[in-house]
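# Descriptive structure summary
Take a look at the letters that make up each chain.
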Amino acid sequence: MLPNLLSGFLVCFCAIGAQGAVTAGQLSDLMTSLWHSDVNAATSVRVQLQGHTYTGSTSDRATSPLFSYVNDQYYFSRPTYAALLSLLDNYNHAVGSAEHTSAQESQEVTSFLDEISKTTVMQKAHDFLSQHGYVGPTWSDFETTLRQIWFATYPRHGGTYDSSGFEHVFVGETDSKGVVGFHNWIQFHLQEQKGNLDYLGYIFSKAPNTLGVHFMWLHKTKALGSFIYGTSPEFDIAMFTVCYLTHKNQHCNFSVDGHNMEVLTYEMTHGGGGHLGTGYVN
Ligand SMILES: *[C@@H]1O[C@H](CO)[C@@H](O)[C@H](O)[C@H]1NC(C)=O
């Protein structure tokens, strides 16, 4: 009897347990810890907000770029930023145009996941999710989940595999009405630098470093786009992954150093699996 009981006991602890409800306090402790562990955060970044605006505005309330200072050479040569940058040009931003992933592009995804896996931010997020029964205990378990959530392609509107969570959040997409997704400061800054993006004014600004902005990208309008500026790629992946797994299709409310934050993530189910449809800060 005893060996059987024992092995039953062990199996129970080795498998992914029941997914425990995560309280706002636990989320706040985790996110505050991730924030302070984000050693790759670009803390010297400066923005100039200029005019306040609203979603339906057709005028430009900001003559200068949003990002007035980013030490590109310092930050963008760091491994997780360099790996992110190599991914940004792998996508066709038009919704309705199929995504094809080349062998080289798959390798770039693997390199990105390898680089973020070395960071304390991702290790802490993994420990938290594993302790609460949302992912398995090994990095390989977590990597499988990350690929599914962020990198598996799915059809956004019609039948074409034209989108993924990563493309939507980190790269941005366009459809007949305007810009959809686009919730990352690095892409915003790079597109602004290339002359593809015109910042039109801010809609909200709150601590820590959270902005809601109105802009045009590739001559299409984004009524309200939001992001936290200065965070590392791994911080954004960790924050949205934790919110998606614990609070998908709901408010993911927490505080960072006493500042209330609200993150929304929505699931897109396709082919029997769940993917990140979108994720943004409110
Ligand atoms: C999250 O915060 C928002 C705005 O602060 C609030 O409207 C919402 O009810 C909160 N949701 C939860 C689940 O606490």
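To be clear, the structure that these remarks concern was listed above.
Summarised in this report is the structure supplied together with it.

Cut-offs used in this document
Residues numbered from 1 in each chain as written. Predicted model: local features only at pLDDT ≥ 70, side-chain atom pairs only at ≥ 80, totals over all residues. Heavy atoms only, no water. Helix = DSSP H or I, 4+ residues; strand = E, 2+ residues; numbered from the N terminus. Buried < 20%, exposed > 50% of the residue type's maximum accessible area, 1.4 Å probe, protein only. Lys, Arg positive; Asp, Glu negative; His and termini not counted. Salt bridge = Lys/Arg side-chain N within 4 Å of Asp/Glu carboxyl O. Contact = heavy atoms within 4.5 Å. Phe/Tyr/Trp six-rings, centres within 6.5 Å; stacked < 30°, edge-to-face > 60°. Lys NZ or Arg CZ within 6 Å of the ring centre and 35° of its normal. Pairing = 2+ DSSP bridges.

## Things to note about the side chain of Glu-234
Structurally, Glu-234 can be placed in helix H10 (residues 233-247). Notably, Glu-234 is buried but unbridged: the nearest opposite-charge side chain belongs to Arg-78, and the N-O separation is 7.3 Å. Look past the residues within four positions of Glu-234 in its chain and what remains in contact with it is Asp-38, Asn-40, Thr-80, Ile-116, Thr-119, Val-121 and Met-122.

## A few points about the side chain of Thr-174
Of note, Thr-174 is situated in strand E3 (residues 173-174). The residues contacting Thr-174, other than those within four sequence positions of it, are His-93, Ala-94, Val-95, Val-179, Val-180, Trp-217 and Lys-220.

## Describing the packing of aromatic side chains
Tallied over the full model, the rule gives 23 aromatic pairs. Between the aromatic rings of Phe-182 and Phe-215, the centroid separation amounts to 5.1 Å while the plane-to-plane angle is 65°, which identifies the pairing as edge-to-face. Linking Phe-182 in the loop between strand E4 (179-180) and helix H9 (185-193) with Phe-215 in strand E6 (residues 210-217), this pair joins segments that are 33 residues apart in sequence. Across the pair, Phe-215 and Phe-182 agree in class, each one buried. Across the ring face of Phe-204, the terminal group of Lys-206 is positioned such that the distance to the ring centre comes to 5.2 Å. The cationic tip of Lys-248 hangs over the ring face of Tyr-244; the distance from NZ or CZ to the ring centre is 4.6 Å.

## Side note on the pairing of strand E10 (residues 273-281)
Extensive coverage of E10 is indicated by the burial of eight of its nine residues. Both strand E9 (residues 259-270) and E10 contribute to a ladder of eight bridges, which runs antiparallel. For Val-263, the partnering residue across the bridge sits in E10 and is Val-281. Turn length for the E9-E10 hairpin, with the two strands adjacent in sequence and antiparallel, is two residues, and the turn residue Gly-271 shows positive phi of about 60°.

Shape is all these values report; function is a separate question.
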